[in-house]
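# Commentary on secondary and tertiary structure
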Amino acid sequence: MERTLYTLTRPVFLIGFMGAGKTTMARRLARECGLICADTDRCMERKYGMSAKELYEQAGEEGFRQMEAETLEEFVQGEPRIIACGGGIVMGERSREIIRTCGFAVYVHVTADESAERISNHDSRPFFHSMESVRSVNQVRVPLYEELADVTVDSSSRTSGRMAYEVKDILVKEGILCPVRK
Ligand SMILES: Nc1ncnc2c1ncn2[C@@H]1O[C@H](COP(=O)(O)OP(=O)(O)O)[C@@H](O)[C@H]1O
Ligand SMILES: O=C(O)C1=C[C@@H](OP(=O)(O)O)[C@@H](O)[C@H](O)C1
Ligand SMILES: [Mg+2]
């Protein structure tokens, strides 16, 4: 039996705190629907030859946000795709503008505590040196995620597979994800 393939009418941005499952869900959703997916971190890692955390440490907050904005700009110029954004992308004004004006934003919600439980290697992300730091960074960002969100999905007690189905349904209902053939 042939599966249904889909096309996107607009780029879809997955936003939310580290550990929300944006990267995992973007891949699942893309595989499930036959779509292209992209990840700001993976793209920057390929381009600059180092991990996102190393890039963050080397470029600093401002430099890293600038690189993210440039990456988003490239993504939105191409064919619409599912875009897993780095958790701090909302700290960049240019990135917020792109997310607000160029597509549909799905806020994948996770609590700071759940995020810390999921990320087994705390050395792989900035800000994970203490729970106070994780909580305070999250607190600053939540209003920005909420402001940009076209829709919010809760990742608590849900597998990435279930989340991908939930987001797929939402995107179909919103007319953003359209079946192309049986
Ligand atoms: N829905 C989920 N429930 C539990 N753990 C998850 C879920 N989605 C992803 N994870 C795990 O959490 C960690 C971070 O996932 P990732 O997709 O990299 O998140 P993000 O890109 O939002 O930082 C990974 O170890 C991943 O396997
Ligand atoms: O929140 C942040 O500032 C960051 C989140 C990470 O992405 P994920 O949200 O995909 O983990 C990555 O961009 C980098 O380590 C910085
Ligand atoms: Mg990610």
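As the structure is a computational prediction, the values presented were derived from the model and not from experiment.

## Here's the deal with the environment of Lys53
With respect to the helices and strands, Lys53 occurs in helix α3 (residues 52–77). The class for Lys53 is buried, based on a relative accessible area of 19%. Residues Lys53 and Thr101 lie 48 residues apart in sequence; the distance between their C-alpha atoms is 28 Å. Apart from the residues lying within four places of it in its own chain, the contact partners of Lys53 are Asp123, Ser124, Arg125 and Pro126.

## A few points about the UniProt feature "binding site: ATP" (unreviewed entry) in the protein
In the UniProt entry, the feature "binding site: ATP" (unreviewed entry) is given for Gly19, Ala20, Gly21, Lys22, Thr23, Thr24, Arg125 and Arg158. Topologically, Thr24 is positioned in helix α1 (residues 22–33). A relative accessible area of 40% places Thr24 in the partly exposed class. Relative to the elements of secondary structure, Arg158 occurs in the loop between β6 (151–154) and α7 (160–173). What Arg158 contacts, discounting residues up to four positions off in sequence, is Met163 and Glu166.

## A closer look at the UniProt feature "binding site: substrate" (unreviewed entry) in the protein
The residues that UniProt annotates with the feature "binding site: substrate" (unreviewed entry) are Asp41, Arg65, Gly87 and Arg141. Apart from the residues within four sequence positions on either side, Arg65 is in contact with Tyr56, Gly88, Ile89, Met91, Gly92, Ser95 and Arg141. Separated by 2.9 Å, the side chains of Arg65 and Glu61 make a polar contact. Relative to the elements of secondary structure, Gly87 occurs in the loop between β4 (82–84) and α4 (93–102). Residue classification places Gly87 among the buried residues on the basis of a relative accessible area of 9%. Residues within four places of Gly87 in sequence aside, it is in contact with Gly16, Met18, Lys22, Arg141 and Tyr145.

What counts and what doesn't
Residues numbered from 1 in each chain as written. Chains lettered and ligands numbered in written order. Predicted model: local features only at pLDDT ≥ 70, side-chain atom pairs only at ≥ 80, totals over all residues. Heavy atoms only, no water. Helix = DSSP H or I, 4+ residues; strand = E, 2+ residues; numbered from the N terminus. Buried < 20%, exposed > 50% of the residue type's maximum accessible area, 1.4 Å probe, protein only. Contact = heavy atoms within 4.5 Å. UniProt positions renumbered as here; feature names shortened; annotations may be inferred. Polar contact = N/O pair within 3.5 Å; in protein donor to acceptor, adjacent residues only side chain to side chain.

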